[in-house]
Structure formats: C-alpha cells, structure tokens
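Okay, here's what each chain looks like letter by letter:
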Amino acid sequence: MAPTSDGTHVPGNVALTPDDRAERVAAIHEPYHRVIADELSRRDAEGRAMVLVSLHSFTPVMRGGTPRPWQIGVLYYGGDTSFATVLLAALKRDSDLTVGDNEPYQMDQIDYTVPRHAYPTRRPYAELEIRQDLLGDQQAQRHWASLLKRALLTV
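Now for a description of the structure that goes with this document. From a predicted model like this one, the values you see are computed outputs, not experimental measurements.

### Comments concerning the overall build of the protein chain
Here's step 1: A count of helical and extended segments in the protein chain gives four helices and six strands.
Here's step 2: Going residue by residue from the N terminus, the α and β elements of the protein chain occur as β-β-α-β-β-α-β-α-β-α.
Here's step 3: With the C-alpha coordinates aligned to their principal axes, the bounding extent of the protein chain is approximately 45 × 45 × 30 Å.
Here's step 4: Accessible surface, the protein chain: about 9,600 Å² in total, of which carbon and sulfur atoms supply 54%.

Written out as structure tokens, the structure reads:
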C-alpha cells in the first residue's frame, strides 16, 4: 500500500492508518487468497493435477529508466520450478517474442501468491508478467490470451 509508485502519487494510499491497512487486508487480500486456497484444496481432493499460474503486467519503462525490451517474463524461484522453466523454454521458441527469464522482476520476499499457494505443497507454478503497452485493447488482450493458451496447453 505504497503512497507512491515509480514516482507517481497514489492518493488512496496516502495517510493510511494501521487500522485502514488492516481493513483492506481483511476486505480484499485475505478473501482473494482464501478463494484460491479453497479452489486448490477442492481440486486436490478430486485428485486433479494442477499448475498455479499467476498473471501480472509491468510498465514498459520505469521512470528515468531504460525501456524494458521483454514482452513477457516468466518468474520462478523456490518450490517446484519445473513447469516455469519448461514454459519459459516454450515461449522462447517463438521468434516473435522477447521473453524475460526472471525479468523484468525476480521473485523475492515481496511475492506472495506463488510462495503462499505453490511452495508449501511443491505445486508446479509459473508467474507471468506481460508488458502493459501490449494489452491496451481487446484485440491485443485476445492475442495474448490465445498465445498463453497455446503455450500453457503445450507445456
């Protein structure tokens, strides 16, 4: 709940009290993760093999930085990284893509969904980052959905 992000003021995060922060966590963060945990548990109980895919987007350039060349990044670190590394290799085979290997970010202590829901059970996972300027309209979004569907089903 940072008051600024990459030099941009985030008015809704300014002057949050500890109670305000706790209220947001209770209203948004925990219910979101409870739904994920419940769905994974339900599918585990059914004996369904699963992979956790966490999808995010990233800015084309950070303020004052150089343009980020990657169109998509595959992030992985702890737990069972086998799916992520195979997905990374599959995406890199597409000569039209510039794929980041733990770029533009690396998984670290800030990451939450994958470490919480995949690491403890060694569930295969991949965290994907798509550059925001490539998602600007429905046609672009459909393109990425189709590309990811093919890659995920192939792997």
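### Focus: the pattern of salt bridges
Here's step 1: One pass over the full model with this rule turns up seven salt bridges.
Here's step 2: Glu46 is paired through a salt bridge with Arg42; the nearest N and O atoms lie 2.7 Å apart.
Here's step 3: The exposure class of Glu46 is partly exposed, given its relative accessible area of 46%.
Here's step 4: Across the pair Asp44 and Arg123 runs a salt bridge, and its minimum N-O distance is 2.8 Å. One end of the pair, Asp44, is in helix H1 (residues 18-45); the other, Arg123, is in the loop between helix H3 (113-117) and strand S6 (125-131), and 79 residues separate them in sequence.

### Some points on the environment of Asp6
Here's step 1: Summarising the element assignment, Asp6 is placed in the loop between strand S1 (4-5) and strand S2 (8-9).
Here's step 2: Residue class for Asp6 comes out partly exposed when judged on its relative accessible area of 30%.
Here's step 3: Separated by 21 residues in the primary sequence, Asp6 and Ala27 place their C-alpha atoms 26 Å from one another.
Here's step 4: In this view, Asp6 contacts Val61, Met62 and Arg63; residues no more than four positions away in its chain are not counted.
Here's step 5: At 2.8 Å, the side chain of Asp6 forms a polar contact with the backbone nitrogen of Arg63.

### Considering the sheet that holds strand S3 (residues 52-58)
Consider a sheet: its strands pair through backbone hydrogen bonds, and that pairing is either parallel or antiparallel.
Here's step 1: Here we have four strands laid out as an open sheet, ordered S3-S6-S4-S5, and mixed in their pairing. Edge strands, defined here as strands with exactly one partner in the open sheet, are S3 and strand S5 (99-101). Between one strand and the next, the sheet's axes are offset by a mean angle of 20°, whatever the strand orientation.
Here's step 2: Here seven bridges tie S3 to S6, and the two strands are oriented parallel to one another. Along S6, the bridge assignment pairs Leu52 with Tyr125.

### Concerning the pairing of S6
Here's step 1: Burial within S6 is extensive, with seven of its seven residues counted as buried.
Here's step 2: Burial of the side chains of S6 extends over both faces: Tyr125, Glu127, Glu129 and Arg131 are buried on one face and Ala126, Leu128 and Ile130 on the other.

### Observations regarding the packing of aromatic side chains
Here's step 1: Using the criterion set out here, one finds one aromatic pair in the structure.
Here's step 2: On the numbers, 5.7 Å between centres and 55° between planes, the contact of Tyr119 with Tyr125 is tilted.
Here's step 3: A relative accessible area of 23% places Tyr119 in the partly exposed class.
Here's step 4: Taking the relative accessible area as the measure of exposure, Tyr125 reaches 0% and is therefore buried.

### Some words on the side chain of Glu127
Here's step 1: With respect to the helices, strands and loops of the structure, Glu127 is situated in strand S6.
Here's step 2: As a buried residue without a salt bridge, Glu127 has its nearest oppositely charged side chain in Arg68, at a separation of 12 Å.
Here's step 3: Excluding residues within four positions of it along the chain, Glu127 makes contact with Ser54, His56, Gly73, Val74, Leu75, Met107, Asp111 and Val114.

Reading the values: the criteria
- Residues numbered from 1 in each chain as written.
- Predicted model: local features only at pLDDT ≥ 70, side-chain atom pairs only at ≥ 80, totals over all residues.
- Heavy atoms only, no water.
- Helix = DSSP H or I, 4+ residues; strand = E, 2+ residues; numbered from the N terminus.
- Areas by Shrake-Rupley, 256 points an atom, 1.4 Å probe, with all protein chains shown as cover.
- Salt bridge = Lys/Arg side-chain N within 4 Å of Asp/Glu carboxyl O.
- Buried < 20%, exposed > 50% of the residue type's maximum accessible area, 1.4 Å probe, protein only.
- Contact = heavy atoms within 4.5 Å.
- Polar contact = N/O pair within 3.5 Å; in protein donor to acceptor, adjacent residues only side chain to side chain.
- Pairing = 2+ DSSP bridges.
- Axes fitted to C-alpha atoms, helices over the stretch in contact; angles between N-to-C directions.
- Phe/Tyr/Trp six-rings, centres within 6.5 Å; stacked < 30°, edge-to-face > 60°.
- Lys, Arg positive; Asp, Glu negative; His and termini not counted.

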